[in-house]
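The lines below spell out each chain.
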Amino acid sequence: MDCPTCKAWAEVKDTRQRKEDNTRYRRYECANGHRFSTREAVLPPETAIQARMANLAKARKAYQERRA
Ligand SMILES: [Zn+2]
């Protein structure tokens, strides 16, 4: 994972698993001392498909508006 501030390589300092909602938090620290954290979650397959469909619909609409 690259540091969002300086793009240097950052290493994981801490990982926390939350059982309640199946998410994982990671704390990072980069070579220049910047700290940030990420949250990881499993997306239900339906959600991913719906998101893709929504993107497709948006792209199609933009395409049609451009042609009109
Ligand atoms: Zn940094």
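Residue numbering note: each chain is counted from 1, following its sequence as written. Given that this is a predicted model, residues contribute local features only at a pLDDT of at least 70 and side-chain atom pairs are listed and counted only at 80 or more, while totals for whole chains, interfaces and linings are drawn from all residues.

**Focus: the overall build of the protein chain**
Where we set the bar: Helix and strand definitions follow DSSP, with helices as H or I runs of at least four residues and strands as E runs of at least two, each counted in order from the N terminus. For the radius of gyration, the atoms used are the C-alpha atoms, and the globule rule reads 2.2 Å times the number of residues raised to 0.38. Using C-beta atoms placed from the backbone, we call a residue buried if 20 or more other C-beta atoms fall within 10 Å of its own, exposed if 12 or fewer do, and partly exposed for counts in between. Residues are scored as being in contact if the C-beta atoms we place from backbone atoms lie within 7 Å.
Of regular secondary structure, the protein chain possesses one helix and three strands. The helix and strand sequence of the protein chain, counted from the amino end, reads β-β-β-α. Taking 11 Å as the expected radius of gyration for a compact globule of 68 residues, we find that the protein chain reaches 19 Å, considerably beyond that expectation. With respect to the principal axes defined by its C-alpha atoms, the protein chain has extents near 50 × 35 × 10 Å. Scored against the burial criterion, the 68 residues of the protein chain give a buried share of 1%. Within the protein chain, contacts between residues at least 6 apart in sequence are counted, and of these 19% link residues at least 24 apart.

**A word on the sheet that holds strand 2 (residues 23-30)**
Applied cut-off: Paired strands, in this sense, are two strands between which DSSP finds at least two bridges. Helix axes are fitted only over the stretch in contact, all axes being lines through C-alpha atoms; the angle between N-to-C directions runs from 0 to 180 degrees.
Spatial ordering of the open sheet is given by 1-2-3, a layout of three strands whose pairing is antiparallel. Strand pairing shows two members of the sheet lacking a second neighbour, strand 1 (10-18) and strand 3 (35-41), which therefore form its edges. Here the strands of the sheet are splayed against their neighbours by 20° on average, with no regard to which way each runs.

**As for the pairing of strand 3**
For strand 3, the tally of buried residues reaches only zero of seven residues, placing the bulk of the element at the surface. As paired strands, strand 2 and strand 3 are joined by seven bridges and run antiparallel to one another. By the bridge assignment for strand 3, Thr23 is matched with Ala41. Remark: four residues form the turn of the hairpin made by strand 2 and strand 3, two consecutive strands paired antiparallel; Gly33 in that turn has positive phi of roughly 90°.

**Some remarks on helix 1 (residues 45-67)**
Each full turn of the α-helix corresponds to 3.6 residues, which orients residues three or four apart in the same direction. This is how it is decided: In this scheme, a helix's expected span is set at 1.5 Å multiplied by one less than its residue total.
Here helix 1 spans 33 Å end to end across 23 residues, near enough to the 33 Å set by a 1.5 Å rise per residue. Within helix 1, only zero of the 23 residues are buried, which leaves the element largely exposed.

**Here we look at the pairing of strand 2**
Here strand 1 pairs with strand 2 via eight bridges, running antiparallel. Counterpart to Arg18 in the pairing with strand 2 is Thr23. Linking strand 1 to strand 2, which pair antiparallel, is a turn of four residues; within it Asn22 sits at a positive phi near 55°.

**A short note on the environment of Pro44**
Among the secondary structure elements, Pro44 is positioned in the loop between strand 3 and helix 1. Along the chain, Pro44 and Arg67 lie 23 residues apart, while their C-alpha atoms are 35 Å from each other.

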